[in-house]
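Chain residues, written in single-letter form:
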Amino acid sequence: MSVDAKYKTTATASGGGRDGHTQLEDGTLGFNLVIPKELGGPGGDGANPEKLFALGYSACFLSAMRVAAGQTKIKVPEGTTVTATIGVGPRSEGGFGITADLDVYLPGLPEAEAHKLVEVTHTICPYSNATRGNVDVKSTTRA
């Protein structure tokens, strides 16, 4: 598989990784990171990689849905939202893994059209393509 990357961005993590800091190279965004209590950290204010992944996946999927709408001729309803819930924990095979649950709300769209639109979006969204076969991604479609 080859990707013709039209855009790239660079971030650097420092400190202790999950309990350090991450900053975009262009200075537009940076976060102090805190390990969640559920993973043995202090919790509290701060970001973590799963929060950042949830932000990115939800926004990317909604944007990709607009592309899918053009391909399927199914209009994305006003008020549509995508909520991504990202989990992290030990894998049965060893190491750690992540899970992703997408809740796609398409108000007033007929159920068959909603499911079709989400199905096509999964073939377009870079996050869905990157996780396919590697991450347990579950989608719930509500209309």
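- Under an unreviewed UniProt entry, the protein has the name Ohr subfamily peroxiredoxin and belongs to Roseiarcus fermentans.
- Recorded in UniProt for the protein, the comment headed Sequence similarities (unreviewed entry) runs: "Belongs to the OsmC/Ohr family."

## Re the pattern of salt bridges
And step 1. Tallied over the entire structure, the rule returns five salt bridges.
And step 2. When the shortest N-O distance is used, the salt bridge between arginine 18 and glutamate 50 registers 2.6 Å. Taken together, the residues arginine 18 in the loop between β1 (11–14) and β2 (21–24) and glutamate 50 in helix α1 (residues 49–72) connect sequence positions 32 residues apart.
And step 3. Accessibility expressed as a relative area gives 28% for arginine 18, which makes it partly exposed.
And step 4. Take glutamate 50: its relative accessible area is 10%, and that puts it in the buried class.

## Describing the packing of aromatic side chains
And step 1. Applying the stated criterion across every chain yields a total of four aromatic pairs.
And step 2. Geometrically, the ring pair formed by phenylalanine 53 and tyrosine 127 is tilted, given 5.4 Å between the ring centres and 55° between the ring planes. On the criterion of sequence distance, the pair formed by phenylalanine 53 in helix α1 and tyrosine 127 in helix α3 (residues 126–131) is long-range, its members being 74 residues apart.
And step 3. Residue classification places phenylalanine 53 among the partly exposed residues on the basis of a relative accessible area of 22%.

## Looking at the domain arrangement of the protein
And step 1. Structurally, the protein comprises domain 1 (1–47) and domain 2 (49–141).
And step 2. Averaged C-alpha coordinates put domain 1 and domain 2 at centres separated by 21 Å.
And step 3. Domain 1 puts six residues into the contact, and the matching count from domain 2 is five residues.
And step 4. Together domain 1 and domain 2 conceal approximately 530 Å² of surface at their shared face, both sides included; 69% is due to carbon and sulfur atoms.
And step 5. If you sort the residues of domain 1 by the area they bury against domain 2, Arg18, Leu39 and Ala47 come out on top, with a joint share of 64%.
And step 6. The interface formed by domain 1 and domain 2 includes one salt bridge.
And step 7. One can count two residue pairs in polar contact (both at pLDDT 80 or more) joining domain 1 with domain 2.

## Overview of the packing of α1 against helix α2 (residues 111–124)
And step 1. Where α1 meets α2, the axes come as close as 8 Å, and the angle between the chain directions of the two elements is 110°. On the basis of the axis angle, α1 is roughly perpendicular to α2. As α1 runs across α2, the sense of the crossing is right-handed. Residues Tyr57, Phe61, Ala64, Met65, Val67, Ala68, Ala69, Gln71 and Thr72 of α1 lie in contact with α2, whose contacting residues are Leu117, Val118, Val120, Thr121, His122 and Ile124.

## A short note on the environment of glycine 95
And step 1. Topologically, glycine 95 is positioned in the loop between β4 (81–90) and β5 (96–105).
And step 2. In the structure, glycine 95 is positioned 21 residues away from lysine 116 in sequence and 35 Å away in space, judged by C-alpha atoms.
And step 3. Ignoring any residue separated from it by four or fewer positions in sequence, one finds glycine 95 in contact with Gly89 and Pro90.

What counts, and where the lines are drawn
- Residues numbered from 1 in each chain as written.
- Predicted model: local features only at pLDDT ≥ 70, side-chain atom pairs only at ≥ 80, totals over all residues.
- Heavy atoms only, no water.
- UniProt positions renumbered as here; feature names shortened; annotations may be inferred.
- Salt bridge = Lys/Arg side-chain N within 4 Å of Asp/Glu carboxyl O.
- Helix = DSSP H or I, 4+ residues; strand = E, 2+ residues; numbered from the N terminus.
- Buried < 20%, exposed > 50% of the residue type's maximum accessible area, 1.4 Å probe, protein only.
- Phe/Tyr/Trp six-rings, centres within 6.5 Å; stacked < 30°, edge-to-face > 60°.
- Domains from an automatic or database assignment.
- Contact = heavy atoms within 4.5 Å.
- Buried area = accessible area lost by both parts, 1.4 Å probe.
- Polar contact = N/O pair within 3.5 Å; in protein donor to acceptor, adjacent residues only side chain to side chain.
- Axes fitted to C-alpha atoms, helices over the stretch in contact; angles between N-to-C directions.
- Parallel < 35°, antiparallel > 145°, perpendicular 65-115°, else oblique.
- Left-handed = near helix turned anticlockwise from the far one by under 90°.

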